[in-house]
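# Observations on the three-dimensional arrangement
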Amino acid sequence: MSSRKEFRELVPPEEAHEAIESLDLDGGTEEVPLREARGRVLAERVDAGLDVPGFDRASMDGYAVRARDTFGAGEADPAVLELAGAVHAGAEPDVTVEAGTAAEISTGAVMPEGADAVVMVERTDRVERSSTERENGEAVNGAGEGGDAVELRTSLAPGDHVMLAGADVAAGERALGPGTRLTPREIGLLSALGVDEVLVRSKPRVGIVSTGDELVRPGEAVASERGQIYDVNSYTIATAVEEAGGEAALYPHAGDDYGEMERVLTEAAAECDLVLSSGSTSASAVDVIYRVIEDQGELLLHGVAIKPGKPMLVGEFPDSAYVGLPGYPVSALMIFRHFVAPAIRRAAGRPEPRTASVEAEMAVEERYGEGRTRLMPVGLIGSGPSETARDASNGGRTLAYPVDKGSGATTSLVEADGIVEVGPDTAYLDAGEAVSVDLFSPDVRPPTVFGVGEDDPLLTSVLDDLDRPRYLTIGSRQGLRRLEQGVPDFAVVTGATDDIEARELGGWTRDWGLIVAPDNPGGVDGLADLVDRELRFVNRPTDSGLRGTLDGTVEDLADSRGESRNELVERIDGFELAARALESPARKVASGSADAGLGLRSTAEKLGLGFVPLGEERVRVLANPERLEKPGIEALREAVGNAPTELPGVGR
């Protein structure tokens, strides 16, 4: 049996940044068609090879004239010029503007010879010459012979309403410099210069390797009974690489075997500028990746004093850089964002994103005493009438609350708005303490309304009718505790509220009971069957309001039998086996791994299962009394009042 690989000395985060900055991720340059250049970064200066525009052109519809023919003209005494012809955009002029004449001209058309100004059409009137004047060729105010004329009610200076050749960009002028990120504006300028290909910085090619025998790619069948899970990191990290400006390449996941790990990592290193792996970096005998790095290249560090992300690796292959990320998706993404994304942006020539931070107050006390830097995901909510956490007007404050279900929970980052970096010497953060929140992006928009509490099918429909709600299913007990602390805008609960100060916005009732197999083949009749028969049962967590309702019914059954609650509970097989999600007990029954599960009539009918009713419970929506003026609360009140009740077992 091999000895356990201990972490080397945990280095401070600053040393990890330095190690990654020392890696060479430069992928060189490449020529790309202009049509595919959006978002790329110029590798060299682009000089104009021609004047833009390449000719003197009219900047508006009107008449091309000699400016001196308009001197003194005005509304009371217009100048009248004979029309010598017309010039259209895209056509070479076939007319010359001589003294006393004008040429009709379109925006963008080449200025005809002799003209040096354009009078806008709104300051002119067409004049039809009489037949006698045309036959006699008489001049009008000095106009030439024959044709119609135009009255000009304004005077002009040379160059008025004319864009001269090279006025936009002159030939030989510096148009764009190296390092310029090409947006639609720069693409437009390059198009005007006739450029069809540009030399840009190559995107760093980043190989993504997820490790672990338990991983299955999304789209394939997963065997949960064998401990298999879907590979979250490959797609998550690949998307983050592309967002930072890199080119992601996904490789088949490597099992916890040295030979397989070596083969996949060596292949990725030969084809990429950087290899990112996730998993197999913890101090365990089965983790072999650090040995592959040491055998094939150099291991620069193993372990960083940061949470999450302690088991990070940094190393080098002969022709590629390497970073090993933690296996848990939340840890992997946060460490990538904090350490690796800046290095990819630098290699791609991308600027650092705009600073996006919000000053907030901790909504609750958060204790921490592990002696290493912590990256704490937090959600934001405005405590006043404002819809956004950035605006603390009208007496409102911006509150930050921890959103951390553990590194293995993929929903933590989805439910959070940013990160609070907690220093290694910080033992705890007080409720009300000021913190700086580093937002995940400048575009983060906190929820319009934030709720916690019980999970419920009808509530799901209510939330669908709201604009950007956020709801955490933490159960009635925790929901009431959070509401009492003043964190959420509302809580959804069942059961007693312990005289908590709140405003009820409405609610509904729901049928609860035991979910059994279709047609109830076991003949389950009620709660007593769980006590008296050998039935496998799946319960809900103690924080669930539904569990609280069941506990009350168990107490009643125990009293009626003259027994203690504990005696009854001990005879129920699986009473302490709690499934977190509302449908989890029902799905255990559907899979045949349980005979009965605690649940709702609506869940049983949705999944085509049998249902043994045990009672009815009230679901209530309680609002934070200090947030009643928030628009989100008003919208919630309306949505609750309009909620449909066609779900089985649901009523007002």
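Basis of the calculations
- Residues numbered from 1 in each chain as written.
- Predicted model: local features only at pLDDT ≥ 70, side-chain atom pairs only at ≥ 80, totals over all residues.
- Heavy atoms only, no water.
- Helix = DSSP H or I, 4+ residues; strand = E, 2+ residues; numbered from the N terminus.
- Rg over C-alpha atoms; globule rule 2.2 N^0.38 Å.
- Buried < 20%, exposed > 50% of the residue type's maximum accessible area, 1.4 Å probe, protein only.
- Pairing = 2+ DSSP bridges.
- Axes fitted to C-alpha atoms, helices over the stretch in contact; angles between N-to-C directions.
- Contact = heavy atoms within 4.5 Å.
- Salt bridge = Lys/Arg side-chain N within 4 Å of Asp/Glu carboxyl O.
- Core = buried A, V, L, I, M, F, W, Y, C linked by side-chain atoms within 4.5 Å.
- Polar contact = N/O pair within 3.5 Å; in protein donor to acceptor, adjacent residues only side chain to side chain.
- Phe/Tyr/Trp six-rings, centres within 6.5 Å; stacked < 30°, edge-to-face > 60°.
- Lys NZ or Arg CZ within 6 Å of the ring centre and 35° of its normal.
- Patch = residues over 30% accessible without salt bridge, like charges linked within 9 Å, V, L, I, M, F, W, Y side chains within 5 Å.
- Areas by Shrake-Rupley, 256 points an atom, 1.4 Å probe, with all protein chains shown as cover.
- Lys, Arg positive; Asp, Glu negative; His and termini not counted.
- Charge placed at Lys NZ, Arg CZ, Asp CG, Glu CD.

## Things to note about the overall build of the chain
- Assigned secondary structure in the chain consists of 16 helices and 36 strands.
- Its C-alpha radius of gyration of 37 Å places the chain more than 25% over the 26 Å reference for a compact globule of 652 residues.
- With respect to the three principal axes, the spread of C-alpha positions in the chain is 125 × 65 × 50 Å.
- For the chain, with 652 residues in total, the buried portion stands at 49%.

## Focus on the sheet that holds strand S17 (residues 274-278)
- Overall, mixed pairing links the 6 strands, which are arranged S16-S13-S17-S21-S20-S18 in an open sheet. The two strands at the open ends of the sheet, each matched to only one other strand, are strand S16 (247-250) and strand S18 (298-302). Strand-to-strand twist across the sheet, computed as the mean angle between neighbouring axes with direction ignored, equals 20°.
- In the sheet, strand S13 (residues 205-210) pairs with S16 via 4 bridges, with the strands oriented parallel. Looking across to S16, one finds that isoleucine 208 is bridged to leucine 250.
- Helix H1 (residues 13-21) contacts S18, strand S20 (313-317) and strand S21 (320-325) of the sheet and is inclined by roughly 155° relative to S18.
- Across the face of the sheet, helix H5 (residues 258-271) comes into contact with S13, S17, S20 and S21 while running at roughly 170° to S13.

## Notes on the pattern of salt bridges
- Within this structure, the stated rule accounts for 36 salt bridges.
- Note that arginine 618 and glutamate 504 form a salt bridge whose closest N and O atoms lie 3.7 Å from each other. Remark: glutamate 504 occurs in strand S32 (residues 503-516) and arginine 618 occurs in strand S35 (residues 610-623); sequence separation between them is 114 residues.
- Residue classification places arginine 618 among the partly exposed positions, given a relative accessible area of 34%.

## Let's talk about the nonpolar core
- Counting residues in hydrophobic clusters, the biggest one holds 37 residues, and the most contacted among them are Val241, Leu274, Leu276, Val323, Phe336, Phe339 and Val340.
- Elements that contribute at least two residues to this core include exactly H1, S13, helix H4 (233-243), S17, S21 and helix H7 (329-348).
- Per-element accounting of this core gives the leading share, 11 residues, to H7.
- If near-sequence neighbours (up to four positions away) are discounted, leucine 274 is found in contact with Leu25, Arg205, Val206, Gly207, Ser320, Ala321, Tyr322, Val323, Val340 and Ile344.

## Looking at the side chain of arginine 374
- Relative to the elements of secondary structure, arginine 374 occurs in strand S24 (residues 373-382).
- Among the polar contacts listed, one links the side chain of arginine 374 to the side chain of glutamate 366, at a separation of 3.1 Å.
- Aside from chain neighbours lying at most four places away, what touches arginine 374 is Lys307, Glu366, Arg367, Tyr368, Asp404, Val420, Glu421 and Val422.

## Looking at the environment of arginine 226
- Along the chain, arginine 226 falls in the loop between strand S14 (215-216) and strand S15 (229-230).
- Residue class for arginine 226 comes out exposed when judged on its relative accessible area of 65%.
- Taking the C-alpha atoms as reference points, arginine 226 and glutamate 214, separated by 12 residues in sequence, lie 8.1 Å from one another.

## Description of the packing of aromatic side chains
- Per the stated rule, a full pass over the model turns up 4 aromatic pairs.
- Where tyrosine 401 meets phenylalanine 450, the ring centres are 4.3 Å apart and the plane angle is 10°; that geometry is what we call stacked. Linking tyrosine 401 in strand S25 (residues 398-402) with phenylalanine 450 in strand S29 (residues 449-453), this pair joins segments that are 49 residues apart in sequence. Exposure class is identical for tyrosine 401 and phenylalanine 450. Each is buried.
- Above the plane of the ring of tyrosine 428 lies arginine 367, whose end atom (NZ or CZ) is 4.8 Å from the centre.

## Examining a negative patch on the surface
- The grouping of Glu9, Glu14, Glu15, Glu18, Glu21 and Glu421 at the surface amounts to a negative patch.
- Per element, the largest residue contribution to the negative patch is 4 residues, and it comes from H1.
- Within the secondary structure layout, glutamate 18 lies in helix H1.
- We classify glutamate 18 as exposed; its relative accessible area is 52%.

## Overview of the sheet that holds strand S4 (residues 62-65)
- Taken together, the 6 strands give an open sheet; going across it, the order is S7-S4-S6-S5-S9-S8, and neighbouring strands pair in mixed fashion. Of all strands in the sheet, those bounded by a partner on one side alone are strand S7 (117-120) and strand S8 (124-127). Adjacent strand axes in the sheet meet at a mean angle of 40°, parallel and antiparallel pairs treated alike.
- Here strand S5 (residues 79-87) pairs with strand S9 (residues 149-152) via 4 bridges, running antiparallel.

## Comments concerning the environment of serine 210
- As for its position among the elements, serine 210 is in strand S13.
- Note: C-alpha distance between serine 210 and glycine 649 (439 residues apart in sequence) is 45 Å.
- Apart from residues no more than four positions distant in its own chain, serine 210 is found in contact with Leu215, Asp231, Asn233, Ser234, His253, Ala254 and Ser278.
- A distance of 2.9 Å separates the side chain of serine 210 from the side chain of serine 234, its partner in a polar contact.
- In this structure the side chain of serine 210 is engaged in a polar contact, spanning 3.3 Å, whose partner is the side chain of serine 278.

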